[in-house]
Amino acid sequence: MEWLGQAKINFTHSSSPLQLKKRDGSSASLLSICEEVTPPCKLNPLLFNGHLQTMWTAVKNDGPPLHYKRRIFEAEDPAYKGSYCVDFITQPFSDVDETLPIRTTYFSDEEFKTLPSSDTRPMLVALHGLSGGSYEEYLKHVLAPLTGAEGERVWEACVVNSRGCAQHKITSSVLFNARSTWDCRQTVKWLRKTFPNRPLYGIGFSLGANVIVNYIAEEGANCEFKAAVVCSSPWNLDVGSKALQRTRLGLFYSTVMAGNLKKLAEIHHEQLSKNAKLDYQQVRQAKYLHEFDRAIQCPIWGYPTEGAYYRDASSVDALQAIRIPLFAINATDDPIAHEEALPYLEIQQTPYAVLCTTSMGGHLSWFEVGGHRWHARPATNFLNKMAFEVDHAIPPEQTKDAKALPHWDPLRRKWQI
């Protein structure tokens, strides 16, 4: 237990971190920027370990009162057929839709037609955690100060909801997984076309962090994001799964996560049951997260075991393919995204990423006295620094990708379509 909730902060980074040009003509390394934007981590001393921090999330608090307008998109890639939804932060409104999360309604066709803009405001694309949605408090603590800023520092933001989450009804038997980058990719392409002058940024939380790192890596030097933040990423899913299975508390968390996913499976039974590969009795009997993934992810995507799925979908190796500044934030006492799964060595091999670890904070928690979430402070500081101080018109020097054989390919996945 750290003294009175004061957590220790450490930074893991390359010996030659990325150098960035600033608008005032000076230069700064990615490491120095991450250190500068990270304030002291002083958490609620009553929540003095990762379990207490994490379990406190069960005390439901609505968080900042953000308002969203939702749009349903149809997948363009036939390999991932079906629909998904994106929630856009808007000005407050009084309308209520009981079929959607709190303070969320659908765009009318007329409203959606007026959405395109040539403005230059920065825009943030957010991906939530496992079975969550745009309503999650940990997410809104980051989005609220950015979209609520005044003048030229105001942001636009949207949340890409995982299929079947946030009260979205799926229209095919295709669910999300830890490698499901396709909806994010389609959304970013649409944003670039609809808002051609807006610089785009990304942020992911927990499973969404794993997905967004995979997406950034797959895009490589062509990634539309100027920079990104990831919070509480599980990184190495196979290692994390084994860590959860080792202890009773780990199995407790695994049971809770499996329970949430089983609820989603029941909500979407009509569509999912059309997939002849699924054995719904096995899905319903799954007690732990790895059992649920064995019953759902393996047959849907063709993996022989959940371990094969975890190893293939993990973002730990994908780090070597990212080509934009990435700021990662994890707590070493996180009982879900376990410390042994953190990419300490991998981070040291790429100039494009810095990992900030705190000795306390739990999983997507970091509760301060009063209920604010500490992770929102370095995350918003970093995004503001990238948006308003770094000169993206002068791209950083790109790492030259090895072409000679033999060489290692961080994106040589085993799952193919």
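As the structure is a prediction and not an experimental result, all values here were calculated from the model. (Residues numbered from 1 in each chain as written. Predicted model: local features only at pLDDT ≥ 70, side-chain atom pairs only at ≥ 80, totals over all residues. Heavy atoms only, no water.)

Bringing the overall build of the chain into the picture now. Counting its secondary structure elements, the chain contains 15 helices and 14 strands. Taking 22 Å as the expected radius of gyration for a compact globule of 417 residues, we find that the chain reaches 20 Å, a close match to that expectation. Oriented by its inertia axes, the alpha-carbon framework of the chain measures out at about 60 × 55 × 55 Å. Pairs at least 24 apart in sequence give 78% of the contacts found in the chain among residues at least 6 apart. (Helix = DSSP H or I, 4+ residues; strand = E, 2+ residues; numbered from the N terminus. Rg over C-alpha atoms; globule rule 2.2 N^0.38 Å. Contact = heavy atoms within 4.5 Å.)

For Asp312, the position within the fold is in helix α13 (residues 306-313). For Asp312, the side chain forms a polar contact with the side chain of Tyr303, separated by 2.6 Å. (Polar contact = N/O pair within 3.5 Å; in protein donor to acceptor, adjacent residues only side chain to side chain.)

With respect to the helices and strands, Thr380 occurs in helix α15 (residues 376-388). One polar contact links the side chain of Thr380 to the main-chain carbonyl oxygen of Ala376, over a distance of 2.7 Å. Those residues within four positions of Thr380 in sequence are excluded, and the remaining contacts are Val142, Pro145 and Leu146.

Moving on: the sheet that holds strand β12 (residues 225-231). An order of β2-β14-β13-β12-β11-β9-β10-β7-β6-β8 is seen for the ten strands of this open sheet, with the pairing classed as mixed. Every other strand in the sheet has two partners, leaving β2 (9-13) and β8 (104-106) as the edge strands with one partner each. This sheet shows a mean twist of 20 degrees between the axes of neighbouring strands, independent of strand direction. Pairing geometry for β2 and strand β14 (residues 353-358), over five bridges, is antiparallel. Bridge pairing in β14 places His13 opposite Val354. In this fold α15 packs onto β9 (123-127), β11 (200-205), β12 and β13 (326-331), with an angle of close to 175 degrees to the strand it touches most, β12. (Pairing = 2+ DSSP bridges. Axes fitted to C-alpha atoms, helices over the stretch in contact; angles between N-to-C directions.)

Let's shift gears to helix α5 (residues 182-194). Each full turn of the α-helix corresponds to 3.6 residues, which orients residues three or four apart in the same direction. Helix length check: α5, at 13 residues, gives a terminal C-alpha distance of 18 Å against a target of 18 Å (1.5 Å per residue), a fit within 8%. Taken together, the buried positions of α5 are Trp182, Asp183, Cys184, Arg185, Gln186, Thr187, Val188, Leu191 and Thr194. (Expected span 1.5 Å × (residues − 1). Buried < 20%, exposed > 50% of the residue type's maximum accessible area, 1.4 Å probe, protein only.)

Turning our eyes to something else, we now look at the pairing of strand β7 (residues 83-90). Working note: regular strand, side chains alternate between the two faces of the sheet. β7 sits mainly inside the fold: seven of its eight residues count as buried. Direction of pairing for strand β6 (residues 67-74) relative to β7: antiparallel, over a ladder of eight bridges. When the sheet's bridge partners are listed, Arg70 is paired in β7 with Asp87. The pairing of β7 with strand β10 (residues 156-160) spans three bridges and is classified as antiparallel. The residue bridging Asp87 from the neighbouring strand is Val159, located in β10.

Two numbers describe a pair of packed helices, the interaxial angle and the distance between the axes. Where helix α4 (residues 137-147) contacts α15, the axes come no closer than 9 Å and their chain directions differ by 40 degrees. Relative to α15, the element α4 is oriented oblique. Classified by chirality, the crossing of α15 by α4 is right-handed. Between α4 and α15, the residues in contact are His141, Val142, Pro145 and Leu146 and Ala376, Ala379, Thr380, Leu383 and Asn384, respectively. Of the residues assigned to the contact of α4 with α15, the class counts are six nonpolar, three polar and no charged. (Parallel < 35°, antiparallel > 145°, perpendicular 65-115°, else oblique. Left-handed = near helix turned anticlockwise from the far one by under 90°. Nonpolar A, V, L, I, M, F, W, Y, C, P; charged D, E, K, R; others polar.)

It is worth spelling out the packing of helix α1 (residues 30-37) against α15 at this point. Closest axis-to-axis distance for the α1/α15 pair is 8 Å, and the angle between their directions is 130 degrees. In terms of orientation, α1 and α15 fall into the oblique class. As for how α1 packs across α15, the hand of that crossing is right-handed. Touching Leu30, Ile33, Cys34, Glu36 and Val37 of α1 are Arg377, Pro378, Asn381, Phe382, Lys385 and Met386, all from α15. Class assignment for the residues of the contact of α1 with α15 results in seven nonpolar, one polar and three charged.

The subject of this paragraph is the nonpolar core. If you look at the biggest cluster of nonpolar residues, it comprises 89 residues, and the most contacted ones within it are Leu143, Ile216, Phe225, Leu326 and Phe382. When sequence neighbours within four positions are dropped, the list of residues in contact with Ile216 reads Cys223, Phe225, Ala228, Ile322, Ile324 and Leu326. Counting 34 residues, the second-largest nonpolar core is a separate cluster that includes Ile170, Leu175, Phe176 and Leu272. (Core = buried A, V, L, I, M, F, W, Y, C linked by side-chain atoms within 4.5 Å.)

What follows is about α1. Of the positions making up α1, those classed as buried are Leu30, Leu31, Ile33, Cys34 and Val37. Down the axis of α1, the smallest arc covering the buried residues is 165 degrees, so these residues share one side. Buried residues along α1 sit in contact with β2, β3 (19-21), β4 (27-29), β13, β14 and α15. (Arc of directions from axis to C-beta.)

Along the polypeptide, Tyr309 turns up in helix α13. Between the alpha carbons of Tyr309 and Gln297 there is a distance of 7.6 Å; along the sequence they are twelve residues apart. Those residues in contact with Tyr309 that sit more than four places away from it in its chain are Asn177, Ala178, Asp293, Gln297 and Tyr303. From its side chain, Tyr309 meets the backbone nitrogen of Ala178 in a polar contact 3.0 Å long.

Residues Met55, Leu249, Phe252 and Val256 make up a contiguous nonpolar surface patch of about 320 Å² in total accessible area. Counting residues per element, the nonpolar patch draws most heavily on helix α8 (residues 248-267), at three residues. If you trace the backbone, Leu249 turns up in helix α8. (Patch = residues over 30% accessible without salt bridge, like charges linked within 9 Å, V, L, I, M, F, W, Y side chains within 5 Å. Areas by Shrake-Rupley, 256 points an atom, 1.4 Å probe, with all protein chains shown as cover. Salt bridge = Lys/Arg side-chain N within 4 Å of Asp/Glu carboxyl O.)

We now examine the packing of aromatic side chains. Summed over the entire model, instances satisfying the criterion amount to 19 aromatic pairs. Between the aromatic rings of Phe88 and Phe107, the centroid separation amounts to 5.7 Å while the plane-to-plane angle is 65 degrees, which identifies the pairing as edge-to-face. Of this pair, Phe88 sits in strand β7 while Phe107 is found in the loop between β8 and α3 (109-113), placing the two residues 19 residues apart along the sequence. Taken as a pair, Phe88 and Phe107 share a single burial class, namely buried. Judged by centre distance (5.6 Å) and plane angle (70 degrees), the ring pair of Tyr215 and Phe225 falls under edge-to-face. Taken together, the positions of Tyr215 in helix α6 (residues 207-219) and Phe225 in strand β12 put the pair ten residues apart, joining distant regions of the chain. We note that Tyr215, like Phe225, is buried. A connected cluster of aromatic rings, assembled from ring pairs, spans Phe73, Tyr84, Phe88, Phe107, Phe112, Trp190 and Phe195. Lying over the aromatic face of Phe93, Lys69 brings its terminal NZ or CZ to 4.8 Å of the ring centre. In this structure, Arg198 is placed above the aromatic ring of Phe195, and the distance from its NZ or CZ to the ring centre is 3.8 Å. (Phe/Tyr/Trp six-rings, centres within 6.5 Å; stacked < 30°, edge-to-face > 60°. Lys NZ or Arg CZ within 6 Å of the ring centre and 35° of its normal.)

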